[in-house]
Amino acid sequence: MTECPECGRAIEKKNLIEGEIFPCPDCGVELEVTSAEPFRVDAAPHEEEDWGE
Amino acid sequence: MKVAIVGGSGYTGGELLRLLLRHPKVEVAQVTSDSMAGKPLGRAHPNLRRATDLTFTPHAELDPCDLLFLAMPHGRAMERMPEILTRAGKVIDLSADFRLRDAALYRTYYNLDHPHPELLSKSVYGLPELHREEIRGATLVSGPGCIAAAAILAVRPLAEAGLIDTERVVIDAKTGSSAGGADGGPASAHAERSGVIRAYAPANHRHTAEIEQEAGVKAALSCHAVEAVRGILATCHAFLREPVTEKDLWRVYREAYGAEPFVRIVKEASGLYRYPEPKRRGDGRPRQPDEGGRGERGPVHEPRRRVPGGDGARVPRFASDLR
């Protein structure tokens, strides 16, 4: 169990795996599982424009 | 439980009937209306046609019941309340007649002297999120005002948590036409409202008194008529005493409404629909045939709490829907 860094909503691990991106059920911010054991999530990085390509 | 409604031909009466006719623990025994006496309920509320065989009865033929709803215009129940209270074990008055605890405020906001100030302390302000237990034990419950309910639910948790300056809260409310009731007057006519955004009470709106009483703040309330039938959007501006994080605000609202069945806290991090929207259903359900004949989108709003007449929604950024 951890919490959303944006709104504090409790987040259960369930079947989430490391690297998985999912929305917070309350505030909708996209979260990324940064560690499965111990279970940790962080705000998922936003896609950025790549002007070099 | 045997229930009766006095003044059931208006919008509040119609909305009440829509809910009560399907309530598993309620038998709607009688609905009174002098102007519609003898006519089927569906004559006033077409969405209820074939939902009940009841007809309106005159006020004078009201029988005793377990629970009596008063759905009359403001000022009608004041004089008669002592006698009305003898007719039922419990009375829920949807008008403003017993909402305020301070009798002097009726002179300020309703331009009348309250004839039974001794009953004001016995009346419970009927917002279950604030007074659920008191409502259970009360013999007289006063239904909250639509805009007031929206604002109170949004502001009170912040005030109680000590996060905001309670001496200055600014509330900007937009409301649909049903809030004016079935006899809303010329200003409620379609020709007068269609395509219009109108400030109809930029200051001194009557609901200011309720908001201040129940939210515990000094409020400046401005009300606007917008082109909608149902729904209220109240944007509440409060001033912080100390800096807080967004997470702090979520915590405060979760503590206040996390277990409440009629309130949802709405604030999305992305997408088109980030904040509460009265016009949106919000729960993904298809519209039900009995959900009202006024307003093409049905009576549900987001945040949602059914407030007869206003069916209003509320809340600012973090607000909760008073459903």
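For the structure itself, consult the block above.
Just so we're clear, the structure is a prediction, and the values are computed from it rather than from any experiment.

Analysis parameters
- Residues numbered from 1 in each chain as written.
- Chains lettered and ligands numbered in written order.
- Predicted model: local features only at pLDDT ≥ 70, side-chain atom pairs only at ≥ 80, totals over all residues.
- Heavy atoms only, no water.
- Helix = DSSP H or I, 4+ residues; strand = E, 2+ residues; numbered from the N terminus.
- Buried < 20%, exposed > 50% of the residue type's maximum accessible area, 1.4 Å probe, protein only.
- Contact = heavy atoms within 4.5 Å.
- Polar contact = N/O pair within 3.5 Å; in protein donor to acceptor, adjacent residues only side chain to side chain.
- 1 Å grid on protein atoms, 1.4 Å probe; cavity = no way out; pocket = protein on both sides within 12 Å on 5 of 7 lines; lining within 4 Å.
- Points joined across faces, edges and corners; volume = space filled by probe spheres on them.
- Nonpolar A, V, L, I, M, F, W, Y, C, P; charged D, E, K, R; others polar.
- Pairing = 2+ DSSP bridges.
- Axes fitted to C-alpha atoms, helices over the stretch in contact; angles between N-to-C directions.
- Buried area = accessible area lost by both parts, 1.4 Å probe.
- Salt bridge = Lys/Arg side-chain N within 4 Å of Asp/Glu carboxyl O.
- Parallel < 35°, antiparallel > 145°, perpendicular 65-115°, else oblique.
- Left-handed = near helix turned anticlockwise from the far one by under 90°.

Asker: Mind showing me how you'd approach the overall build of chain B here?
Answerer: When helices and strands are tallied, chain B shows nine helices and eleven strands. Split into buried and exposed, the 323 residues of chain B put 51% on the buried side. Long-range contacts, defined as pairs at least 24 residues apart, comprise 65% of the intrachain contacts of chain B with a sequence gap of at least 6.

Asker: What should I look at first to understand the side chain of Glu-214 of chain B in this one?
Answerer: Residue and element names in this part refer to chain B. Along the polypeptide, Glu-214 turns up in helix H8 (residues 207–215). Only 2.7 Å separates the side chain of Glu-214 from the side chain of Gln-213, close enough to count as a polar contact. Filtering out sequence-adjacent residues up to four positions away, Glu-214 remains in contact with Arg-101, Tyr-125, Leu-130, His-131, Ile-152 and Arg-156.

Asker: How do you make sense of empty space enclosed by the protein when you look at a structure like this?
Answerer: Residue and element names in this part refer to chain B. Per the stated rule, a full pass over the model turns up two cavities of 30 Å³ or more. Here the second largest cavity defines a volume of roughly 70 Å³. Considering the residues around the second largest cavity, the lining is formed by Val-6, His-59, Leu-62, Leu-68, Leu-70, Arg-80, Glu-83, Ile-84 and Arg-87. With three residues, the single largest contributor to the lining of the second largest cavity is helix H3 (residues 77–84). By residue class, the composition of the lining of the second largest cavity is five nonpolar, one polar and three charged.

Asker: Where do I start with the environment of Ala-44 of chain A in this structure?
Answerer: All names here are of chain A. Within the secondary structure layout, Ala-44 lies in the segment after strand E5 (39–43). According to the relative accessible area criterion, Ala-44 is buried, its value standing at 8%. Each residue touching Ala-44, except ones within four places of it in the same chain, is listed here: Ile-21, Glu-30, Leu-31 and Glu-32.

Asker: Is there a simple way to think about the environment of Ile-84 of chain B in this case?
Answerer: Residues and elements named next belong to chain B. Following the sequence through the fold, Ile-84 ends up in helix H3. By relative accessible area, Ile-84 is classed as buried at 4%. In the structure, Ile-84 is positioned 20 residues away from Pro-64 in sequence and 9.7 Å away in space, judged by C-alpha atoms. Dropping the residues within four chain positions of it, Ile-84 is found in contact with Leu-68, Leu-70, Ala-77 and Val-91.

Asker: What is the right way to look at the sheet that holds strand E2 (residues 27–32) of chain B in this model?
Answerer: Residues and elements named next belong to chain B. Across the sheet, which stays open at both edges, the seven strands sit in the order E3-E2-E1-E4-E5-E7-E6 with parallel pairing between neighbours. Edge positions in the sheet fall to strand E3 (56–57) and strand E6 (123–125), since each has one partner strand and no second. Across three bridges, the pairing between strand E5 (residues 88–93) and strand E7 (residues 140–142) is parallel. Paired with Asp-93 across the bridge in E7 is Ser-142. Those strands touched by helix H1 (residues 11–20) are strand E1 (2–6), E2 and strand E4 (65–70), and its axis lies near 165° from that of E1.

Asker: Which parts of the structure should I look at to understand the pairing of E2 of chain B?
Answerer: Regular strands place side chains that alternate from one sheet face to the opposite one. For E1 of chain B and E2 of chain B, the ladder comprises five bridges, and the chain directions are parallel. Looking across to E2 of chain B, one finds that Val-6 of chain B is bridged to Thr-32 of chain B.

Asker: Which parts of the structure should I look at to understand the interface of chain B and chain A?
Answerer: Accessible area lost upon the coming together of the parts is a frequently used measure of interface size. With eight residues of chain B at the contact, the number on the chain A side is eleven residues. Carbon and sulfur atoms make up 42% of the surface buried where chain B meets chain A, a total of about 750 Å² over both sides. For the chain B face of the interface with chain A, the top three residues by lost area are Lys-247, Trp-250 and Arg-254 of chain B, together amounting to 60%. Taken together, the connections running from chain B to chain A amount to two salt bridges. Among the ionic pairs, Glu-3 of chain A bridges to Lys-247 of chain B, the shortest N-O distance being 3.0 Å. Run the count over chain B and chain A and you get four residue pairs in polar contact (both at pLDDT 80 or more).

Asker: Would you mind showing me how to read the sheet that holds E5 of chain A here?
Answerer: By way of backbone hydrogen bonds, the strands of a sheet pair with one another, either parallel or antiparallel. Residue and element names in this part refer to chain A. Spatially, three strands are ordered E3-E4-E5 in an open sheet, and the strand pairing comes out antiparallel. With partners counted over all chains shown, the strands left at the sheet margins are strand E3 (21–23) and E5, one partner each. Direction aside, the axes of adjacent strands within the sheet are offset by 40° on average. With five bridges connecting them, strand E4 (residues 30–36) and E5 associate as antiparallel partners. Across the sheet, the residue bridging to Ser-35 is Arg-40, located in E5.

Asker: What am I meant to see in the packing of helix H6 (residues 146–160) of chain B against H8 of chain B here?
Answerer: Residue and element names in this part refer to chain B. At a minimum axis separation of 9 Å, H6 and H8 run at an interaxial angle of 30°. Between H6 and H8, the angle falls in the class roughly parallel. In this structure, H6 meets H8 at a crossing whose hand is right-handed. On the side of H6, the interface is formed by Cys-146, Ile-147, Ala-148, Ala-151, Ile-152, Val-155, Arg-156 and Ala-159, while H8 contributes His-207, Glu-210, Ile-211, Glu-214 and Ala-215. Taken together, the residues of the contact of H6 with H8 break down into nine nonpolar, one polar and three charged.

Asker: Would you take a moment to explain the packing of H6 of chain B against helix H9 (residues 246–257) of chain B for this structure?
Answerer: The description of two helices packed together rests on the angle between their axes and the distance between the axes. Residues and elements named next belong to chain B. Following both chains from N to C, one finds H6 and H9 inclined at 115°, their axes separated by 9 Å at the closest point. By the angle between their directions, the pair H6 and H9 is classed as roughly perpendicular. Crossing of H6 against H9: the hand is right-handed. Residues Ile-152, Leu-153, Ala-154, Pro-157 and Leu-158 of H6 pack against Leu-249, Val-252, Tyr-253, Ala-256 and Tyr-257 of H9. Considered class by class, the residues forming the contact of H6 with H9 number ten nonpolar, no polar and no charged.

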